[in-house]
Amino acid sequence: MSPQELKEIQELFQKGMSIRAIAKRLGRNIKTVRRALNSPAPPPQPSKLEPFKELVRDLALKDLFAPRILREIRERGYTGSISILKDFIRSVRGPRKESRRVTRRFETQIGEEGQIDWSPYRVPIAGVETLVHGFSMVVCWSRMQFLAFYRDERLPTLLHAHVEAFRFFDGFPKNLYYDNCTTVTLGRLNGKPLFHPTFLEFSKHMGFTPFTCAIDDPDRKGKVERAFWFLENDFIKESRFESWDDLNAKARRWMDTVAHVRVHDTTKRVVREAFAEERPFLIRLPAMPFPTDRRETRKVQVDGYISVDGSLYPVPAKFVGQYVGVRIYPLRVEVTDAAGKVVIAHPVPDRPTRLPPLDPGPAPSASYSRPVLEAAFLARFPNATEFLDGIKRRMNALTPIHLKHIERLMNLYGEQPVREAIE
């Protein structure tokens, strides 16, 4: 008889079960059961949790939930069950108090509704406590969630996050619900939301209908609010990240391995399996993309850099002293020439800094000699001899300044418009 069976017989007898009933239950002879009861109790087996109790106690006192603690100790070799873990956690911090707050629960039709919101967090990135803005969109019927972290909640970032979420879902529900943030609505007129013009243009271009919750009615977005609660308690707490890329990569891995493979408490369905049914009901993305970048103009300084949002980005040397276009995305900055062509792109650094210089190339001279400027002008416009002679007669010593200005005009507008103007 195994020690486990011997222990079970003694436990059943202590609970008041008769020897005959024990024998019948275990399929054993009555005499065998009687001998087992007269045998000494087997030595207690050490709990599988024993080597991890100090770590569990520490994590439990940091208010982490049992599923998160279970993942932490399984990575360190724990092979026991979650029930043993939960019993020990209760012994450490006692039973949790149930909330008495009454909420209004409702469900929507498949493919009908999505809920969107921001949630700021302070997390350690490369050892520095950093404010990050979590963006989440939840497709309500299946509870499938998109999650990404950004540096701000500006309108271009909001639109960019929408596009990323729509690509993640390969579509979107016909109705999307929001809080009353100023990037979505500028206020209310006669009780109705006054949507931000750019956001409204975006919604019409994509093909969804935006709605805002009534003032002080967070329960209307309860599904995305609950998703943030789960995120904070199961992922954010006590986590550390090496960089912004590491933060978003770990968030995606958490969604793939935890959030989307769990059985949802309300729907009683595996989230990913439910979404496979909902996906065909989503609206597909339009063929023409909506521009979500922020566009500005910068003058390239003599050191070959431009300043954007506190960081200094290097630009090819030939653009020194010229104005360039800048397209600013949440994760990258693109520099364009006068024709709108991207000449260089940079990732946005984790914090404002000066990026390393580009590979050194031929540095432009800040002041060309007059003969060099005149020769370069005639090489580009060989039929403009009379025009150049006219400048020399009228401007005399100021001729180099005008030739440099014409060169800047070509960089801004291209050679052909300047040629037509000269003619």
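The coordinates are above.
Criteria and thresholds
- Residues numbered from 1 in each chain as written.
- Predicted model: local features only at pLDDT ≥ 70, side-chain atom pairs only at ≥ 80, totals over all residues.
- Heavy atoms only, no water.
- Disulfide = S-S within 2.5 Å.
- Buried < 20%, exposed > 50% of the residue type's maximum accessible area, 1.4 Å probe, protein only.
- 1 Å grid on protein atoms, 1.4 Å probe; cavity = no way out; pocket = protein on both sides within 12 Å on 5 of 7 lines; lining within 4 Å.
- Points joined across faces, edges and corners; volume = space filled by probe spheres on them.
- Helix = DSSP H or I, 4+ residues; strand = E, 2+ residues; numbered from the N terminus.
- Nonpolar A, V, L, I, M, F, W, Y, C, P; charged D, E, K, R; others polar.
- Contact = heavy atoms within 4.5 Å.
- Polar contact = N/O pair within 3.5 Å; in protein donor to acceptor, adjacent residues only side chain to side chain.
- Phe/Tyr/Trp six-rings, centres within 6.5 Å; stacked < 30°, edge-to-face > 60°.
- Lys NZ or Arg CZ within 6 Å of the ring centre and 35° of its normal.
- Axes fitted to C-alpha atoms, helices over the stretch in contact; angles between N-to-C directions.
- Parallel < 35°, antiparallel > 145°, perpendicular 65-115°, else oblique.
- Left-handed = near helix turned anticlockwise from the far one by under 90°.
- Patch = residues over 30% accessible without salt bridge, like charges linked within 9 Å, V, L, I, M, F, W, Y side chains within 5 Å.
- Areas by Shrake-Rupley, 256 points an atom, 1.4 Å probe, with all protein chains shown as cover.
- Salt bridge = Lys/Arg side-chain N within 4 Å of Asp/Glu carboxyl O.
- Core = buried A, V, L, I, M, F, W, Y, C linked by side-chain atoms within 4.5 Å.

## Quick notes on the state of the cysteines
When the sulfur atoms of two cysteines share a covalent bond, that bond is a disulfide.
No. 1: Summed over all chains, the structure comprises zero disulfides.
No. 2: Take C181: it sits in no disulfide, and the sulfur closest to it among the cysteines is that of C213, at 10 Å.
No. 3: Overall, the relative accessible area of 26% leaves C181 in the partly exposed class.

## A closer look at empty space enclosed by the protein
No. 1: Here the structure, examined in full by the defined rule, presents one cavity of 30 Å³ or more.
No. 2: By volume, the largest cavity is sized at about 30 Å³.
No. 3: Considering the residues around the largest cavity, the lining is formed by I116, D117, W118, L158, Y178, D179 and C181.
No. 4: Sorting elements by how many residues they give to the lining of the largest cavity places strand β1 (residues 113-125) first, with three residues.
No. 5: Tallied by class, the residues present in the lining of the largest cavity amount to five nonpolar, no polar and two charged.

## A few points about the environment of R284
No. 1: Tracing the backbone shows R284 in the loop between α11 (271-278) and β8 (294-299).
No. 2: Look at R284 and you get partly exposed, because its relative accessible area is 39%.
No. 3: Separated by 112 residues in sequence, R284 and F172 place their C-alpha atoms 6.9 Å apart.
No. 4: Look past the residues within four positions of R284 in its chain and what remains in contact with it is D170, G171, F172 and R279.
No. 5: A distance of 3.2 Å separates the side chain of R284 from the backbone oxygen of L282, its partner in a polar contact.

## Regarding the packing of aromatic side chains
No. 1: Applying the stated criterion to the full structure yields 23 aromatic pairs.
No. 2: Ring geometry for F146 and F168: centres 5.7 Å apart, planes at 55°, overall tilted. Linking F146 in strand β3 (residues 144-150) with F168 in helix α7 (residues 155-169), this pair joins segments that are 22 residues apart in sequence.
No. 3: Residue F146 is classed as buried on the basis of its relative accessible area of 8%.
No. 4: Between F235 and F241, the ring centres sit 5.8 Å apart and the planes meet at 45°, which makes this aromatic pair tilted.
No. 5: Take F241: its relative accessible area is 3%, and that puts it in the buried class.
No. 6: Among the aromatic residues, ring-to-ring pairing joins W118, F135, F146, Y150, F168, F169 and F275 into one connected group.
No. 7: The lysine or arginine in question, R332, covers the ring of Y329, its NZ or CZ lying 3.9 Å from the ring centre.
No. 8: When the ring centre of Y305 is taken as reference, the NZ or CZ atom of R354 above it lies at 3.9 Å.

## Observations concerning the packing of helix α4 (residues 53-61) against helix α6 (residues 82-93)
No. 1: Between α4 and α6, the least distance of the axes is 10 Å, while the angle of their chain directions is 60°. What the angle tells us is that α4 and α6 run oblique. The way α4 lies across α6 gives a crossing that is right-handed. Across the interface between the two elements, K53, V56, R57, A60 and L61 of α4 pack against L85, F88, I89, V92 and R93 of α6.
No. 2: Looking at the contact of α4 with α6 residue by residue, the classes come out as seven nonpolar, no polar and three charged.

## Quick look at a nonpolar patch on the surface
No. 1: Where nonpolar side chains cluster on the molecular surface, the patch consists of L186, L189 and L194 and spans about 300 Å² of accessible area.
No. 2: Mapped onto the elements of the fold, L194 is located in strand β6 (residues 192-195).

## Concerning the nonpolar core
No. 1: With 30 residues, the main nonpolar core has F135, M137, F166, F169, F199, F202 and F208 as its most contacted residues.
No. 2: Where this core is concerned, the elements lending two or more residues are β1, β2 (128-139), β3, α7, β4 (175-178), α8 (197-206) and α11.
No. 3: By residue number, the principal contributor to this core is α7, which donates eight residues.
No. 4: The contacts of F199, once residues within four sequence positions are left out, are L155, L158, L159, H162, Y178, T183, V184, F208 and P210.
No. 5: Counting 22 residues, the second largest nonpolar core, distinct from the first, contains F230, I236, M255 and V258.

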